[in-house]
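What follows is the residue order along each chain.
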Amino acid sequence: NYTSTFTSGYRVHGEGNKEYQSNYVTFICSDDTNSSAFVQGLWDYSNNTLSKKWSTAQQIYNSTPTYRDYRIRKVKIRGWGKALQFKIYGATGVPFNIVGWSVFETGNPIP
(Lines give C-alpha, C1' and ligand atoms only; values in the text may rest on other atoms or scores of the structure.)
Protein backbone atom coordinates (compact mmCIF):
# COMPACT_ATOMS: atom_id res chain seq x y z
CA ASN A 1 0.00 0.00 0.00
CA TYR A 2 1.02 3.60 -0.57
CA THR A 3 -0.33 7.06 0.15
CA SER A 4 0.28 9.75 -2.46
CA THR A 5 0.54 13.36 -1.33
CA PHE A 6 1.88 16.76 -2.31
CA THR A 7 1.73 20.26 -0.86
CA SER A 8 1.70 23.35 -3.04
CA GLY A 9 3.99 26.29 -2.54
CA TYR A 10 2.89 29.26 -0.46
CA ARG A 11 0.38 31.59 -2.09
CA VAL A 12 0.80 35.12 -0.82
CA HIS A 13 -1.80 37.63 -1.98
CA GLY A 14 -0.64 40.76 -3.85
CA GLU A 15 0.00 42.67 -0.65
CA GLY A 16 1.81 40.43 1.82
CA ASN A 17 0.85 42.55 4.81
CA LYS A 18 -2.90 41.97 4.39
CA GLU A 19 -4.88 38.89 5.28
CA TYR A 20 -7.17 37.38 2.67
CA GLN A 21 -9.70 34.60 2.17
CA SER A 22 -9.56 32.00 -0.56
CA ASN A 23 -13.26 31.39 -0.98
CA TYR A 24 -13.36 28.84 -3.78
CA VAL A 25 -10.83 26.59 -5.48
CA THR A 26 -11.68 24.80 -8.72
CA PHE A 27 -9.70 21.59 -9.28
CA ILE A 28 -9.27 19.92 -12.67
CA CYS A 29 -8.51 16.20 -12.39
CA SER A 30 -8.15 13.37 -14.88
CA ASP A 31 -11.23 11.17 -14.97
CA ASP A 32 -9.52 7.96 -13.87
CA THR A 33 -11.53 5.03 -12.52
CA ASN A 34 -11.22 4.25 -8.82
CA SER A 35 -9.48 7.58 -8.04
CA SER A 36 -9.68 9.60 -4.85
CA ALA A 37 -8.06 12.77 -3.53
CA PHE A 38 -8.61 15.14 -0.64
CA VAL A 39 -7.58 18.78 -0.22
CA GLN A 40 -6.86 20.86 2.88
CA GLY A 41 -5.94 24.51 3.17
CA LEU A 42 -2.87 25.30 5.32
CA TRP A 43 -2.84 28.94 6.40
CA ASP A 44 -0.02 31.19 7.65
CA TYR A 45 2.92 28.79 7.22
CA SER A 46 1.45 26.27 9.69
CA ASN A 47 2.99 22.80 9.80
CA ASN A 48 0.73 21.01 12.27
CA THR A 49 -3.01 20.57 12.81
CA LEU A 50 -2.57 21.84 16.38
CA SER A 51 -2.04 25.35 14.95
CA LYS A 52 -5.80 25.52 14.20
CA LYS A 53 -4.88 26.97 10.78
CA TRP A 54 -5.72 23.85 8.74
CA SER A 55 -9.09 23.65 7.01
CA THR A 56 -11.25 20.54 6.97
CA ALA A 57 -10.28 17.89 4.37
CA GLN A 58 -12.62 17.74 1.39
CA GLN A 59 -13.00 15.13 -1.33
CA ILE A 60 -12.02 16.33 -4.82
CA TYR A 61 -13.26 13.31 -6.79
CA ASN A 62 -16.82 12.02 -6.79
CA SER A 63 -18.27 8.80 -8.16
CA THR A 64 -20.70 10.37 -10.64
CA PRO A 65 -19.87 9.38 -14.24
CA THR A 66 -18.85 12.43 -16.31
CA TYR A 67 -18.18 10.83 -19.72
CA ARG A 68 -15.34 13.33 -20.14
CA ASP A 69 -11.56 13.20 -19.94
CA TYR A 70 -11.41 15.56 -16.94
CA ARG A 71 -13.41 16.20 -13.80
CA ILE A 72 -13.96 19.71 -12.49
CA ARG A 73 -14.71 20.16 -8.80
CA LYS A 74 -15.24 23.44 -6.96
CA VAL A 75 -14.59 23.38 -3.20
CA LYS A 76 -14.69 26.10 -0.57
CA ILE A 77 -11.53 26.46 1.51
CA ARG A 78 -12.43 27.95 4.87
CA GLY A 79 -10.11 30.21 6.81
CA TRP A 80 -8.03 33.33 6.34
CA GLY A 81 -4.46 34.49 6.68
CA LYS A 82 -1.50 36.03 4.89
CA ALA A 83 -0.31 32.86 3.13
CA LEU A 84 -2.06 29.71 1.90
CA GLN A 85 -0.90 26.26 0.79
CA PHE A 86 -2.91 23.33 -0.50
CA LYS A 87 -2.21 19.87 0.88
CA ILE A 88 -3.54 17.23 -1.52
CA TYR A 89 -3.46 13.54 -0.67
CA GLY A 90 -5.08 10.34 -1.82
CA ALA A 91 -6.62 7.43 0.02
CA THR A 92 -4.28 4.52 0.75
CA GLY A 93 -3.59 2.49 -2.40
CA VAL A 94 -5.74 4.70 -4.65
CA PRO A 95 -4.26 6.96 -7.37
CA PHE A 96 -5.16 10.51 -8.34
CA ASN A 97 -4.13 12.88 -11.11
CA ILE A 98 -4.51 16.61 -10.48
CA VAL A 99 -4.11 18.59 -13.71
CA GLY A 100 -4.40 22.04 -12.12
CA TRP A 101 -6.44 24.44 -10.05
CA SER A 102 -7.79 27.96 -10.09
CA VAL A 103 -8.41 30.18 -7.04
CA PHE A 104 -10.88 32.98 -6.45
CA GLU A 105 -9.85 35.11 -3.51
CA THR A 106 -10.86 38.32 -1.75
CA GLY A 107 -8.69 40.71 0.22
CA ASN A 108 -9.61 42.49 3.44
CA PRO A 109 -9.28 46.30 3.14
CA ILE A 110 -7.68 46.88 6.54
CA PRO A 111 -4.01 45.82 7.02
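These numbers come from a predicted model, not from an experiment.

### Section: the environment of Gly16
Part 1: Structurally, the position occupied by Gly16 is in the loop between strand 2 (11-12) and strand 3 (20-30).
Part 2: On the accessibility criterion, Gly16 (44% relative accessible area) is partly exposed.
Part 3: Separated by 57 residues in the primary sequence, Gly16 and Arg73 have C-alpha atoms spaced 28 Å apart.

### Thoughts on unusual backbone geometry
Part 1: Look at Asn34: it is not a glycine, yet its phi comes out positive at around 55°.
Part 2: Take Asn34: it is sitting in the loop between strand 3 and strand 4 (38-43).
Part 3: Residue class for Asn34 comes out exposed when judged on its relative accessible area of 63%.
Part 4: One non-glycine residue, Tyr45, lies in the positive phi region at around 60°.
Part 5: Note on placement: Tyr45 falls in the loop between strand 4 and strand 5 (58-59).
Part 6: Tyr45 gets classed as partly exposed once you look at its relative accessible area, which sits at 48%.

### As for the environment of Glu19
Part 1: Residue position: Glu19 is located in the loop between strand 2 and strand 3.
Part 2: Here Glu19 falls in the partly exposed class, since its relative accessible area comes to 27%.
Part 3: Between the C-alpha atom of Glu19 and that of Gly81, which follows or precedes it by 62 residues, the distance is 4.6 Å.

### Some thoughts on the pattern of salt bridges
Part 1: In the structure shown here, the tally under the stated rule is two salt bridges.
Part 2: Of the charged contacts in the structure, one is a salt bridge between Asp44 and Lys53, with a shortest N-O distance of 3.5 Å.
Part 3: Overall, the relative accessible area of 21% leaves Lys53 in the partly exposed class.

### Let's talk about the nonpolar core
Part 1: Counting 16 residues, the largest nonpolar core has Phe27, Val39, Ile60, Ile77, Ile88 and Ile98 as its most contacted members.
Part 2: Mapped onto this core, the elements with two or more residues apiece are strand 3, strand 4 and strand 7 (83-89).
Part 3: Considering each element in turn, this core owes the most residues, four residues, to strand 3.
Part 4: Sequence-distant contacts of Phe27, defined by excluding residues within four places in its chain, comprise Val39, Ile60, Arg71, Ile72, Arg73, Val75, Ile88, Ile98, Gly100 and Trp101.

Calculation criteria
Residues numbered from 1 in each chain as written. Predicted model: local features only at pLDDT ≥ 70, side-chain atom pairs only at ≥ 80, totals over all residues. Heavy atoms only, no water. Helix = DSSP H or I, 4+ residues; strand = E, 2+ residues; numbered from the N terminus. Buried < 20%, exposed > 50% of the residue type's maximum accessible area, 1.4 Å probe, protein only. Salt bridge = Lys/Arg side-chain N within 4 Å of Asp/Glu carboxyl O. Core = buried A, V, L, I, M, F, W, Y, C linked by side-chain atoms within 4.5 Å. Contact = heavy atoms within 4.5 Å.

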